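# An overview of the molecular structure
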Amino acid sequence: MSEKEVKNLEEIFDAKIARDEKIEPKDWMPEKYRQTHIRQISQHAHSEIVGMLPEGNWITRAPSLKRKVALLAKIQDEAGHGLYLYSACETLGISREELYEQLHSGKAKYSSIFNYPTLTWADMGAIGWLVDGAAIINQVPLCSTSYGPYARAMVRVCKEESFHQRQGFQIMMTLAEGTPEQKEMAQDALNRWWWPSLMMLGPLDAESVHTEQSMKWKLKRKSNDELRQQFVDQTVPQADMIGLTIPDPDLKWNEEKKSYDFGEMNWDEFWQVVKGHGPCNKERISARVNAWEKGKWVRDAAMAYAEKKEEKVVKQAI
Ligand code: BYC
């Protein structure tokens, strides 16, 4: 393709973005746009699938049948989110096998939040309330992201996340209204999950290498710091309502800003976790690799069945 032709395509692409039109898989797109989307969508898909593990840890120990059914449904939803997102990512010309390989080899990231352990039942409440709560804040703007398949996947994901957030908050509320031991368990879970939930929304804007370009392409519609502020402002009154304390001595309402000021996150801890040295990184990856290896016979059987079926169709046609 000549330079002039490429320039022309770039202009058409930029104009579409400016008009808020969706970019679809068969449309021409700059190679960097494609790569950036593969990076973010695949990391998002991996996060959904790895994110099933900390909650999966409590299925057998849910305190009642009702809680167990809701937790199972939530975890199955996360699997569904992973599948839509892998499918959306595949439309950019990368295979499912390549994507898994990147996760298993440590080349692709997944959300830092899922490298923390789930120590008590209250952690199921804290994850739903805080982690899914932060995810909704991050993902609602992604419903109007510029890449069509990603935006459409996000619409359904957000509806389901909303149920997840409520089931988590309901667990926390029940514990907070329970015995002193139950309330203490809820407070302990909030203490452990608060800061990792804030860090889940990414590094400070000043440290974020991708935000500027991703905002120009309308992949990201809000910056990491904007999302974090929105999360704090939404969550603090919820904690107040159920009588739990946010573990931040610097948290203070700022009347001028009409939002909360809050303390510094431990960015050393964040980068350690992102680089693979969090409390559960090794355990999470080995669980995924193990599932992939153990599932080989299922993939082989499905392929053999599909081939046999194909052969039958060909034979009948002759
Ligand atoms: N963890 O320039 P930045 C769920 C990386 S699952 C790990 O700000 P960007 C759920 C970042 O990738 C939902 N790494 O990046 C499931 C980059 O490194 P690379 C998960 C992180 O992309 C089960 C570098 O740091 N949500 O809800 O502009 C149960 C610089 O960062 C993290 C998504 O995946 C992190 N937290 O912004 C319950 C949402 N943060 O790639 C719940 C989609 C940053 O250059 N993703 N890094 O090597 C996004 O919105 C954006 O990718 C982020 C980061 C806001 C996360």
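For the structure given in this document, a descriptive report is provided here. (Residues numbered from 1 in each chain as written. Predicted model: local features only at pLDDT ≥ 70, side-chain atom pairs only at ≥ 80, totals over all residues. Heavy atoms only, no water.)

### Comments concerning the pattern of salt bridges
All told, the structure shown has 20 salt bridges when counted by the stated rule. Here Lys 218 makes a salt bridge to Asp 20, at a shortest N to O gap of 3.2 Å. Of this pair, Lys 218 sits in the loop between α9 (211–216) and α10 (224–241) while Asp 20 sits in the loop between α1 (3–18) and α2 (31–50), placing them 198 residues apart in sequence. Exposure remark for Asp 20: the relative accessible area of 46% places this residue in the partly exposed category. Linking Arg 192 and Asp 188 is a salt bridge whose minimum nitrogen-to-oxygen distance equals 3.1 Å. Of this pair, Arg 192 and Asp 188 are both found in helix α8 (residues 180–200), four residues apart, which corresponds to roughly one turn of the helix. With relative accessibility at 32%, the residue Asp 188 sits in the partly exposed group. (Salt bridge = Lys/Arg side-chain N within 4 Å of Asp/Glu carboxyl O. Helix = DSSP H or I, 4+ residues; strand = E, 2+ residues; numbered from the N terminus. Buried < 20%, exposed > 50% of the residue type's maximum accessible area, 1.4 Å probe, protein only.)

### Regarding the side chain of Ser 47
Here Ser 47 lies in helix α2. A residue is classified by how much of its surface remains accessible, and Ser 47, at 10% relative accessible area, is buried. The residues contacting Ser 47, other than those within four sequence positions of it, are Tyr 110, Ser 111 and Phe 114. (Contact = heavy atoms within 4.5 Å.)

### Structural notes on unusual backbone geometry
Here the phi dihedral of Asp 20 falls at roughly 65°; this positive angle occurs in a residue that is not glycine. Residues other than glycine seldom take positive phi values, yet Lys 218 does so here, at roughly 60°.

### Section: the site of the ligand
Taken together, 35 residues form the shell around the ligand, and within it Lys 109, Ser 112, Ser 208, His 210 and Lys 220 come nearest. Contacts to the ligand include Asn 138, whose side-chain N or O atom sits 2.9 Å from an oxygen atom. Taking Val 209, its main chain carries an N or O atom lying 3.0 Å from an oxygen atom of the ligand. Look at the ligand: alone it shows 1100 Å² of surface, and the protein chains cover 91% of it. Listing elements by their share of the shell around the ligand, those giving two or more residues are α2, α4 (65–90), α6 (122–142), α7 (148–176), α8 and α11 (267–277). (Near = heavy atom within 4 Å. Polar contact = N/O pair within 3.5 Å; in protein donor to acceptor, adjacent residues only side chain to side chain. Areas by Shrake-Rupley, 256 points an atom, 1.4 Å probe, with all protein chains shown as cover.)

### With respect to the packing of α2 against α7
Packing of α2 against α7 leaves a shortest axis separation of 13 Å and a crossing angle of 25°. Taken together, α2 and α7 sit at an angle that is classed as roughly parallel. The handedness of the crossing between α2 and α7 is left-handed. Contact residues: α2 offers Gln 40, Ile 41, His 44 and Glu 48, while α7 offers Tyr 150, Met 154, Val 157 and Glu 161. (Axes fitted to C-alpha atoms, helices over the stretch in contact; angles between N-to-C directions. Parallel < 35°, antiparallel > 145°, perpendicular 65-115°, else oblique. Left-handed = near helix turned anticlockwise from the far one by under 90°.)

### Quick look at the nonpolar core
Trp 129, Met 172, Trp 193 and Trp 194 are the most contacted members of the largest nonpolar core, which totals 72 residues. Ranked by the residues each element gives to this core, the list is headed by α6, at ten residues. Here Trp 194 is in contact with Leu 130, Phe 231, Val 232, Thr 235, Ile 246, Pro 247 and Asp 248, once residues within four sequence places are set aside. (Core = buried A, V, L, I, M, F, W, Y, C linked by side-chain atoms within 4.5 Å.)

### Observations concerning the packing of α6 against α10
Helices that pack against each other are described as a pair by the angle of their axes relative to one another and the distance between those axes. Running from amino to carboxyl end, α6 crosses α10 at an angle of 140°, the nearest separation of the two axes being 10 Å. As judged from the angle between their axes, α6 and α10 are oblique. Along this stretch, α6 crosses α10, giving a crossing that reads as right-handed. Counted together, Trp 129, Leu 130, Gly 133, Ala 134, Ile 137, Asn 138 and Pro 141 of α6 and Leu 227, Gln 230, Phe 231, Gln 234, Thr 235, Gln 238 and Ala 239 of α10 form the full contact between these two elements. Split into classes, the residues belonging to the contact of α6 with α10 amount to eight nonpolar, six polar and no charged. (Nonpolar A, V, L, I, M, F, W, Y, C, P; charged D, E, K, R; others polar.)

### Notes on the packing of aromatic side chains
Inspection of every chain in the model, using the stated rule, returns twelve aromatic pairs. Pairing Trp 194 with Phe 231 gives two aromatic rings, centres 5.7 Å apart and planes at 25°, and the pair type is stacked. In this pair, Trp 194 sits in helix α8 while Phe 231 sits in helix α10, placing the two residues 37 residues apart along the sequence. Look at Trp 253 and Tyr 260: their rings are 5.0 Å apart centre to centre, the planes differ by 75°, and that puts the pair in the edge-to-face class. The structure contains a cluster of three or more aromatic residues connected by ring pairs, namely Phe 13, Trp 28, Tyr 33 and Trp 217. (Phe/Tyr/Trp six-rings, centres within 6.5 Å; stacked < 30°, edge-to-face > 60°.)

### Observations regarding α8
Taking 1.5 Å per residue as the helical rise, α8 with its 21 residues ought to reach 30 Å, and the 30 Å between its terminal C-alpha atoms agrees with that figure. Maximal helix bending in α8 amounts to about 35°, located at Trp 193; proline Pro 196 follows within four positions. Among the residues of α8, Ala 186, Gln 187, Ala 189, Leu 190, Trp 193, Trp 194, Trp 195, Pro 196, Ser 197, Leu 198 and Met 199 are the ones counted as buried. In this structure, the buried side of α8 is in contact with α6, α7, α10 and α11. Just past α8, the residue Gly 202 takes up positive phi, approximately 100°. (Expected span 1.5 Å × (residues − 1). Bend = angle between axes of the 7 residues up to and from the residue.)

### Remarks on α1
For α1, which comprises 16 residues, the first-to-last C-alpha distance of 22 Å matches the rise-based estimate of 22 Å (1.5 Å per residue) to within 8%. Considered for burial, the residues of α1 that qualify are Phe 13, Lys 16 and Ile 17. Projected onto a plane normal to the axis of α1, the buried residues spread over an arc of 100° and lie on a single side. Turned more than 90 degrees away from the buried face of α1, the exposed residues are Glu 3, Lys 4, Lys 7 and Ala 18. At its buried positions, α1 is contacted by α2 and α9. Two residues or fewer after α1 comes Asp 20, characterised by a positive phi angle close to 65°. (Arc of directions from axis to C-beta.)

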